[in-house]
Amino acid sequence: MRWLLFLCIAFSLTAQAKTELTILVGLDKPPYIDLNDSSGYELDLLRLLSKKMGYDAVFLHVPNARIKDLMLAGRADIATLQKSDPEQQHLYYSQPYIRYQNVAASLSSKSLQLHQLEQLKPYSVVAFHNARTLLGPEYQQLVRLVMNYQEVANQSQQLQMLLLERCDVVVMDRNIFYYYAKLAGHSMQPFDLAPVFKPSLYSAAFKNAQLRKKFDKALAEVQQEPIFTQLQLKYFSEVNQELQLPQLE
């Protein structure tokens, strides 16, 4: 009877463990991730997807640069904000679940008329932390030629520097820029947002192929439901999460 009791307890613990998914996500980055109340577009979307998969989401917040390594070390079930890597044999990648659109933002009063990356060269540019690494080789080469270039970790600081004319251009995601502009009490009228970057689509990574399959199925279903639009309107005030990569004009 003792062994039977042990098996029942073990089965119960295993079943309980499987009711939750540990998800590696980034640090504070509203409107995608707001650590003040564990809200934001990305967190709400991941909760919704987990629920459709039959689980409760448990978030483990770490710097983005550590997410992949922690996943490979077996610290979680899902790693977010990943680029598919065909050479990575230990991870399975989902379909893209989130879309970022970085822009070059300037004051409308400056009339910079930005249409291409190379037009940033004569200006003072402030980008988000690690932009050099994340925005690709073309951007890496460009920033060496920019008149005055720096990166800051605090993205609200970028907006303040732009408003105080301590720089000409800030490079940041469109939705993050909108968030801080509204927080500062500004409409978008004083700004020009130039989409000189291609949209960035990110996947989730898994060690379990079946879990990846469940995630993709849940994502496909959610995209067909009103909640997908409602989440975007709630956090972005517009619908801008098209997951098919458009051609940059």
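Residues numbered from 1 in each chain as written. Predicted model: local features only at pLDDT ≥ 70, side-chain atom pairs only at ≥ 80, totals over all residues. Heavy atoms only, no water.

**Brief notes about the overall build of the protein chain**
Then, in step 1: Of regular secondary structure, the protein chain possesses 9 helices and 11 strands.
Then, in step 2: Oriented by its inertia axes, the alpha-carbon framework of the protein chain measures out at about 80 × 35 × 30 Å.
Then, in step 3: Counting all 249 residues of the protein chain, 44% fall into the buried class.
Then, in step 4: Of the roughly 13900 Å² that the protein chain leaves accessible, carbon and sulfur atoms contribute 51%.
Then, in step 5: Each charge sign in the protein chain was given a centre, from 25 positive and 24 negative side chains, and these centres are 6 Å apart. (Helix = DSSP H or I, 4+ residues; strand = E, 2+ residues; numbered from the N terminus. Buried < 20%, exposed > 50% of the residue type's maximum accessible area, 1.4 Å probe, protein only. Areas by Shrake-Rupley, 256 points an atom, 1.4 Å probe, with all protein chains shown as cover. Lys, Arg positive; Asp, Glu negative; His and termini not counted. Charge placed at Lys NZ, Arg CZ, Asp CG, Glu CD.)

**Focus on helix α7 (residues 174-183)**
Then, in step 1: Within the span of α7, buried status applies to Asn 175, Ile 176, Phe 177, Tyr 178, Tyr 180 and Ala 181.
Then, in step 2: Summarising the contacts, the buried residues of α7 are in contact with β6 (102-107), α6 (155-163), β9 (169-173), β10 (191-194) and α9 (226-236).
Then, in step 3: At the N-terminal boundary of α7, the capping side chain belongs to Asp 173, with an oxygen 3.0 Å from the backbone nitrogen of Asn 175.
Then, in step 4: With its phi angle positive at about 85°, Gly 185 sits one or two positions after the end of α7. (Contact = heavy atoms within 4.5 Å. Polar contact = N/O pair within 3.5 Å; in protein donor to acceptor, adjacent residues only side chain to side chain.)

**What about the packing of aromatic side chains?**
Then, in step 1: All chains considered together, the criterion is met by 10 aromatic pairs.
Then, in step 2: Between Tyr 139 and Tyr 149, the ring centres sit 6.0 Å apart and the planes meet at 70°, which makes this aromatic pair edge-to-face. With Tyr 139 in helix α5 (residues 137-143) and Tyr 149 in strand β8 (residues 148-152), this pair connects stretches of sequence that are 10 residues apart.
Then, in step 3: Counting every residue linked through ring pairs, the aromatic cluster contains Tyr 32, Tyr 41, Tyr 100, Tyr 202 and Phe 236.
Then, in step 4: Sitting above the plane of the Tyr 202 ring, Lys 83 keeps its charged end 4.7 Å from the centroid. (Phe/Tyr/Trp six-rings, centres within 6.5 Å; stacked < 30°, edge-to-face > 60°. Lys NZ or Arg CZ within 6 Å of the ring centre and 35° of its normal.)

**Some points on the packing of helix α2 (residues 41-53) against helix α8 (residues 209-222)**
Working note: a packed helix pair is described by the angle between its axes plus the distance between those axes.
Then, in step 1: Axis separation between α2 and α8 bottoms out at 9 Å; the angle between their running directions is 115°. Classified by the angle their axes make, α2 and α8 are roughly perpendicular. With respect to the hand of their crossing, α2 and α8 are arranged in right-handed fashion. Along the contact surface, α2 presents Leu 45, Leu 46, Leu 48, Leu 49, Lys 52 and Met 53, while α8 presents Leu 211, Lys 214, Phe 215, Ala 218, Leu 219, Glu 221 and Val 222.
Then, in step 2: Across the contact of α2 with α8, the residue classes tally to 10 nonpolar, no polar and 3 charged. (Axes fitted to C-alpha atoms, helices over the stretch in contact; angles between N-to-C directions. Parallel < 35°, antiparallel > 145°, perpendicular 65-115°, else oblique. Left-handed = near helix turned anticlockwise from the far one by under 90°. Nonpolar A, V, L, I, M, F, W, Y, C, P; charged D, E, K, R; others polar.)

**What about the sheet that holds β8?**
Then, in step 1: Within the open sheet, the 5 strands sit side by side as β8-β7-β9-β6-β10. Their pairing is mixed. Single-partner strands in this sheet number two, and they are β8 and β10. Averaged over all neighbouring strand pairs, the angle between strand axes comes to 25°, with direction disregarded.
Then, in step 2: Pairing between β6 and β9: 4 bridges, direction antiparallel. Of the residues in β9, the one forming a bridge with Val 103 is Met 172.
Then, in step 3: Each of β6, β9 and β10 touches α7; the most contacted strand, β9, lies at about 110° to it. (Pairing = 2+ DSSP bridges.)

**Side note on the nonpolar core**
If you look at soluble globular proteins, the nonpolar side chains tend to sit buried side by side.
Then, in step 1: Membership of the largest hydrophobic core comes to 47 residues, with the highest contact counts inside it found for Tyr 32, Tyr 41, Tyr 97, Ile 98, Val 170, Phe 177 and Phe 215.
Then, in step 2: At 6 residues, the largest contribution of residues to this core is made by α2. (Core = buried A, V, L, I, M, F, W, Y, C linked by side-chain atoms within 4.5 Å.)

**Considering unusual backbone geometry**
Then, in step 1: Between Pro 30 and Pro 31 the backbone carries a cis peptide bond, its omega angle lying at 10°.
Then, in step 2: Its identity is not glycine, yet Ser 38 carries a phi of approximately 55°, on the positive side.
Then, in step 3: Within the secondary structure, Ser 38 is located in the loop between β1 (20-25) and α2.
Then, in step 4: Located in the positive-phi region is Asn 130, a residue other than glycine, with phi close to 75°.

**Observations regarding helix α3 (residues 64-72)**
Then, in step 1: The complete set of buried residues in α3 reads Ile 67, Leu 70 and Met 71. The buried side chains of α3 occupy one side of the element, clustering within an arc of 100° when seen end-on. Those residues of α3 that are exposed and angled more than 90 degrees off the buried face are Ala 65 and Asp 69.
Then, in step 2: On its buried face, α3 sits against β1, β3 (78-82) and β11 (200-206).
Then, in step 3: Following α3 by one or two positions, Gly 74 has its phi on the positive side, about 80°. (Arc of directions from axis to C-beta.)

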